[in-house]
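One letter stands for each residue in the lines below.
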Amino acid sequence: MCKSYFERLLAIVASLCELEEAQILYGRKTDEVVDARWIIVKILHEQGYHTAKISLLLNMTQRNVTHILTIFQDRLDGYDSLFKSTYQKARVEAGNL
């Protein structure tokens, strides 16, 4: 059975962030888990997923998803080079799906 785009993206981001997939979906809100969720939200949005669908997939509120999308670029432009590097690697790998 073919995995969905979301499942493959989740696996990629989990690998890059050195997390388990379940940690990203249901784990505590550590910095690493939050970063992984933000990256997934942004890439899914870039692929045309609506905020309602993203919120269901990641067990978040639509308001939280919208908030992430609104300030994502500010965070990317900020001081966190590891976050930016991980996001760029995930985009490249997700582009190959």
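Let me sum up the structure you'll find in this document. (Residues numbered from 1 in each chain as written. Predicted model: local features only at pLDDT ≥ 70, side-chain atom pairs only at ≥ 80, totals over all residues. Heavy atoms only, no water.)

With respect to the packing of aromatic side chains
So, point 1. In this structure the tally under the stated criterion is four aromatic pairs.
So, point 2. On the numbers, 5.0 Å between centres and 65° between planes, the contact of Phe72 with Tyr87 is edge-to-face. Here Phe72 is found in helix α5 (residues 62–77), whereas its partner Tyr87 is found in helix α6 (residues 81–95), with 15 residues between them in sequence.
So, point 3. Judged by relative accessible area, Tyr87 falls into the buried class, the value being 4%.
So, point 4. Chaining the aromatic ring pairs together yields one cluster made of Trp38, Phe72, Phe83 and Tyr87.
So, point 5. We note Arg75 situated over the ring of Trp38; from NZ or CZ to the ring centre the distance is 4.9 Å.
So, point 6. It is Arg75 that lies over the ring of Phe83; its NZ or CZ is 4.1 Å from the centre. (Phe/Tyr/Trp six-rings, centres within 6.5 Å; stacked < 30°, edge-to-face > 60°. Helix = DSSP H or I, 4+ residues; strand = E, 2+ residues; numbered from the N terminus. Buried < 20%, exposed > 50% of the residue type's maximum accessible area, 1.4 Å probe, protein only. Lys NZ or Arg CZ within 6 Å of the ring centre and 35° of its normal.)

What about the packing of helix α1 (residues 5–17) against helix α3 (residues 31–46)?
So, point 1. Two elements in contact, α1 and α3, have axes separated by 10 Å at closest approach and are oriented at 145°. Considering only the axes of α1 and α3, their crossing is right-handed. Within the contact between the two elements, α1 uses Tyr5, Phe6, Leu9, Leu10, Val13 and Cys17 and α3 uses Ala36, Ile39, Ile40, Ile43 and Leu44.
So, point 2. Taken together, the residues of the contact of α1 with α3 sort by class into eleven nonpolar, no polar and no charged. (Axes fitted to C-alpha atoms, helices over the stretch in contact; angles between N-to-C directions. Left-handed = near helix turned anticlockwise from the far one by under 90°. Contact = heavy atoms within 4.5 Å. Nonpolar A, V, L, I, M, F, W, Y, C, P; charged D, E, K, R; others polar.)

Don't take any of this as a statement about function, it's just geometry.
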